[in-house]
Amino acid sequence: MAVAEAQLYAKVSNKHRSRSTSALLEPLLAKGFPAHIAQKALVATGQKTIEDAAKWLHSHCNDPSLDDPIPQEYALYLCPTGRLHSRLQDFWKESKRQCGKNRAHEVFPHVTLCDFFTCEDQKVELLYDVLKRVGDSFSQSFPPSISLTLHASPSYLGFFIDDSQANVLKEFAVAFSSEASALADCHVKPSLKQFHLTLAHRFYPHHQRTLEQLAKCINPGEPCQWVAALYSRDMRFVHYQRLRALFQYKPQNIDELMMKAGDLIYVDPTQQCDVSEGWVIGTSHRTGCRGFLPENYTEKAHESDTWVKHREYVFETASRSLTKTEREPNVRLNGEAPNLSMSRSVTNVLSLQNVALRRGVLVMRHGERVDQVFGKSWLQQCLTADGKYHRADLNFPSSLPRRKDSMKQFECDPPLSCCGVFQSRLIGEALLDQEVTVSYVYSSPALRCVQTAQHVLQGLKLNQKVKIRVEPGLFEWTKWEASRAIPNFMTVAELVEASYDIETSYRGNFPLSSLVPSESYEDYVSRSSAVIKQIIAACPSKGKAFRSLCVILIVGHGSSLASLTRALTGLPNRDSGDFAQMVRKIPSLGICFCEELKEENKWQMVNPPVKTLTHGANAAFNWRNTIMED
């Protein structure tokens, strides 16, 4: 388009825009909102309805950045709909379950036409006009179908678009970018690289084969209608992490953030160094407010969860023969024989893989320990003058098991609190609900771990049926022992006398005498690697199985979840500093789950069979000091 024509079109378009925008803008201005703030609300909600914009303004009434003239960033994507989209979503879900999250999971399936660019709020509707007009001009030349060819490398998996069809898409992207740049006074760059639809990106190389098997289940010739969609994001938070609130949180202090379940939170990883353990500082996508929030009230969200969809152009020529039902991405079709669906294909692949998935390893941190609640001097609170134990709080155990040496040994080898016992049994009951049957149980020699294993088995209704193998090699990194010495653990005989279901014939791979105080990080990860390999070698498949898995339960410490699973799955060791930071974030009863791919002679980490356990603190209460004091 010539510059003179672009300027002329801008004048005409501005007149049209002023009429169409006024229908949404004028009611907000009538309510007393300044024009730039009202326009900001419309853009932030995709300029859809007055109600959406008004709700946004109400939510952002305390947003300190409300007056900031910061424009949004926009991108133009070509997105599949219909059955192909459904199959891609099936792949997204299954690849995440089997191989964990990779970079592709951050965004929905798409082909990038124009990467992110900024546009002033008052000129955004010009982008809508350009999309409609350029779409109309290409509707007849748009390919009736798009050929997709699978391409794989050690860090990338996706479909490449045939060159002849990609050239048409590039022409469309160039036309949109040139007209949008001229009319909306913004710098839009079309994507001129190899056009592709990413399936997986930045994954571990040993997951490549599994991902390829799943990708081959996708029939790229599935009926599909393509749409060019315009999305926006807040440019201030491009490099932030996204969290989603799982629960409502009401602030207890003025610097904390109010959250509703489902809220999305922006978190800057570089600002978390001085934040208290278990907390993060973030900015609410819903309100724009900033504050501290409990990290265990959240889960990780996807990058595109905070994006706003503005307008889309549907290329009708791609699927004129499709029925309305075929265009619906979430509607199943009956009576179709020629093409296997992704869900059916994935099921077939999984059924084959499940034959090979013979064993699973469930690594669990112990439950809440008494010194975690009452401090290192907990035992002094529970001893009478004559040295007998008494229960000073209902969260103390009702009694302590008998041991031949001094009761003071419990200070370095503390038991579970009563809440820790409840937590452990609750996890066992949840595993039972999911029909998880444990065939082998290993435990660190620490009393809290043995007790956790015992109560998990009780929840599973497997106590006395499955015995606990006490493995000294599972004890945590000895450098973290406050006493700088290896604790005097209860003996197997003492544990049996205390009615714990211990396998007395088991001989540990690492005798207690092999544990050395203040071992190096390298020695600890080496010990962990050796013990997990020896455990796997000693546990052949047997018994009733969970999803064709023989499950091995390992109850250890926070450090066990990383040191054992990374060694088992072949991942490199973390830096010792990063390792320590990571372990601090693992709560009581934190769980990791690994499945064996027997035919490939490797293990992969997948989602645990049960949900996480989250609860709040409950402080001690003294009625006399609280109620009676003046």
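Residues numbered from 1 in each chain as written. Predicted model: local features only at pLDDT ≥ 70, side-chain atom pairs only at ≥ 80, totals over all residues. Heavy atoms only, no water.

1. A short note on the overall build of the chain
Link 1 in the chain: Each helix and strand counted, the chain has 18 helices and 18 strands in total.
Link 2 in the chain: Burial statistics for the chain: of 630 residues in total, 51% are counted as buried.
Link 3 in the chain: With an accessible surface of roughly 30,700 Å², the chain has 51% of that area assigned to carbon and sulfur atoms. (Helix = DSSP H or I, 4+ residues; strand = E, 2+ residues; numbered from the N terminus. Buried < 20%, exposed > 50% of the residue type's maximum accessible area, 1.4 Å probe, protein only. Areas by Shrake-Rupley, 256 points an atom, 1.4 Å probe, with all protein chains shown as cover.)

2. Considerations on the packing of helix H4 (residues 82-99) against helix H7 (residues 208-215)
Link 1 in the chain: Viewed as axis vectors pointing N to C, H4 and H7 meet at an angle of 155 degrees, and their least axial separation amounts to 10 Å. It follows from the interaxial angle that H4 and H7 lie roughly antiparallel. Of the two possible hands of crossing, H4 and H7 adopt the one that is right-handed. Residue-level inspection shows Phe91, Glu94, Ser95, Gln98 and Cys99 of H4 in contact with H7, the latter providing Thr210, Leu211, Leu214 and Ala215.
Link 2 in the chain: The residue makeup of the contact of H4 with H7, split by class, is 5 nonpolar, 3 polar and 1 charged. (Axes fitted to C-alpha atoms, helices over the stretch in contact; angles between N-to-C directions. Parallel < 35°, antiparallel > 145°, perpendicular 65-115°, else oblique. Left-handed = near helix turned anticlockwise from the far one by under 90°. Contact = heavy atoms within 4.5 Å. Nonpolar A, V, L, I, M, F, W, Y, C, P; charged D, E, K, R; others polar.)

3. Some details on the packing of aromatic side chains
Link 1 in the chain: Scanning the entire structure with this criterion turns up 31 aromatic pairs.
Link 2 in the chain: Considering the side-chain rings of Tyr231 and Trp307, the 6.4 Å spacing of their centres and the 55 degrees angle between planes classify their relative orientation as tilted. Taken together, the positions of Tyr231 in strand E6 (residues 224-233) and Trp307 in the loop between strand E11 (298-300) and strand E12 (308-314) put the pair 76 residues apart, joining distant regions of the chain. Like Trp307, Tyr231 is buried. (Phe/Tyr/Trp six-rings, centres within 6.5 Å; stacked < 30°, edge-to-face > 60°.)

4. A word on the side chain of Gln208
Link 1 in the chain: Residue position: Gln208 is located in helix H7.
Link 2 in the chain: We classify Gln208 as buried; its relative accessible area is 19%.

5. What about the sheet that holds strand E5 (residues 196-201)?
Link 1 in the chain: Read across the sheet, 3 strands follow the order E3-E4-E5 without closing on themselves; strand pairing throughout is antiparallel. The two strands at the open ends of the sheet, each matched to only one other strand, are strand E3 (148-153) and E5. Direction aside, the axes of adjacent strands within the sheet are offset by 20 degrees on average.
Link 2 in the chain: Relative to E5, strand E4 (residues 156-161) runs antiparallel, the two being bridged by 5 bridges. Following the sheet pairing, Tyr156 is matched in E5 by His201. (Pairing = 2+ DSSP bridges.)

6. Structural notes on the sheet that holds strand E17 (residues 591-597)
Link 1 in the chain: With respect to topology, 6 strands assemble into an open sheet ordered E15-E14-E16-E13-E17-E18, the strand pairing being mixed. Edge positions in the sheet fall to strand E15 (468-470) and strand E18 (602-606), since each of these pairs with one other strand and no more. In this sheet, neighbouring strand axes are inclined to one another by 25 degrees on average, regardless of whether the strands run parallel or antiparallel.
Link 2 in the chain: Relative to E18, E17 runs antiparallel, the two sharing 5 bridges. Looking at the pairing, Glu595 lines up with Gln604 of E18.
Link 3 in the chain: The strands touched by helix H16 (residues 558-569) within the sheet are strand E13 (359-365), strand E16 (550-556), E17 and E18, with E13 carrying the most contacts at an inclination of about 155 degrees.

7. Digging into the confidence of the model for the chain
Caution is warranted with low-pLDDT regions, since their predicted coordinates should not be read in detail.
Link 1 in the chain: Per-residue confidence for the chain gives a mean pLDDT of 86, with 88% of residues at or over 70.
Link 2 in the chain: Throughout residues 1-20 the model reports pLDDT below 50, and contacts reaching past four residues in sequence, or to other chains, amount to 18 contacts.
Link 3 in the chain: Predicted confidence for residues 318-357 stays below pLDDT 50, and this span has 67 contacts to residues more than four positions away or in other chains. (pLDDT = per-residue confidence, 0-100.)

8. Describing the side chain of Arg365
Link 1 in the chain: Mapped onto the secondary structure, Arg365 falls in strand E13.
Link 2 in the chain: The side chain of Arg365 is buried and forms no salt bridge, while Glu476, the nearest opposite charge, is found at 6.7 Å.
Link 3 in the chain: Of the polar contacts made by the side chain of Arg365, one reaches the backbone oxygen of Ile586; its length is 2.8 Å.
Link 4 in the chain: Other than its neighbours up to four places away in sequence, Arg365 contacts Thr452, Gly556, His557, Gly558, Leu561, Ile586, Pro587, Ser588, Leu589 and Gly590. (Lys, Arg positive; Asp, Glu negative; His and termini not counted. Salt bridge = Lys/Arg side-chain N within 4 Å of Asp/Glu carboxyl O. Polar contact = N/O pair within 3.5 Å; in protein donor to acceptor, adjacent residues only side chain to side chain.)

9. Describing the pairing of strand E9 (residues 279-284)
Link 1 in the chain: With 5 of 6 residues buried, E9 lies mostly within the body of the structure.
Link 2 in the chain: When strand E8 (residues 264-267) meets E9, the two strands line up antiparallel, connected through 3 bridges. Bridged to Tyr266 within E9 is Thr283.
Link 3 in the chain: Pairing analysis gives 5 bridges linking E9 to strand E10 (residues 290-294), with the strands arranged antiparallel. The residue of E10 that forms the bridge with Ile281 is Phe292.

10. What to know about the pattern of salt bridges
Link 1 in the chain: Taken as a whole, this structure holds 24 salt bridges when the rule is applied.
Link 2 in the chain: Its salt-bridge partner being Arg233, residue Glu73 comes within 2.9 Å of it at the nearest N-O pair. With Glu73 in strand E1 (residues 72-81) and Arg233 in strand E6, the pair connects residues that are 160 residues apart, well separated along the chain.
Link 3 in the chain: The shortest N-O distance in the salt bridge between Arg402 and Glu497 comes to 3.9 Å. Residue Arg402 is found in the loop between helix H11 (378-382) and helix H12 (418-433), and its partner Glu497 is found in helix H14 (residues 492-497); the two are separated by 95 residues along the sequence. With respect to class, Arg402 is no different from Glu497; both count as exposed.
Link 4 in the chain: Through salt bridges with shared partners, a single network forms among Glu73, Arg103, Arg233 and Glu303.

11. A word on the environment of Trp480
Link 1 in the chain: Within the element layout of this structure, Trp480 appears in the loop between E15 and H14.
Link 2 in the chain: Sequence spacing of Trp480 and Pro517 is 37 residues, and the spatial spacing of their C-alpha atoms is 9.1 Å.
Link 3 in the chain: Here Trp480 is in contact with Ser559, Phe579, Ala580 and Val583, once residues within four sequence places are set aside.

12. With respect to unusual backbone geometry
Working note: non-glycine residues mostly have negative phi, and peptide bonds are mostly trans.
Link 1 in the chain: You will see that Arg202, though not glycine, has its phi angle at about 55 degrees, which is positive.
Link 2 in the chain: Considering the arrangement of structural elements, one finds Arg202 in the loop between E5 and H7.
Link 3 in the chain: The phi torsion at Gln464 lies on the positive side, around 75 degrees, for a residue other than glycine.
Link 4 in the chain: Among the secondary structure elements, Gln464 is positioned in the loop between helix H13 (447-460) and E15.

13. Description of a nonpolar patch on the surface
Link 1 in the chain: A contiguous nonpolar surface patch, about 500 Å² in accessible area, is contributed by Phe621, Trp623, Ile627 and Met628.
Link 2 in the chain: Positionally, Met628 belongs in helix H18 (residues 623-628).
Link 3 in the chain: On the accessibility criterion, Met628 (54% relative accessible area) is exposed. (Patch = residues over 30% accessible without salt bridge, like charges linked within 9 Å, V, L, I, M, F, W, Y side chains within 5 Å.)

14. Observations concerning the nonpolar core
Link 1 in the chain: Formed by 56 residues in total, the largest nonpolar core has its most connected members in Phe176 and Leu199.
Link 2 in the chain: When residues in this core are grouped by element, the largest group, 9 residues, is from helix H6 (residues 163-183).
Link 3 in the chain: In contact with Leu199, not counting residues within four places along its chain, are Leu88, Phe91, Trp92, Asn102, Ala104, Leu150, Leu157, Gly158, Phe159, Ala215 and Ile218. (Core = buried A, V, L, I, M, F, W, Y, C linked by side-chain atoms within 4.5 Å.)

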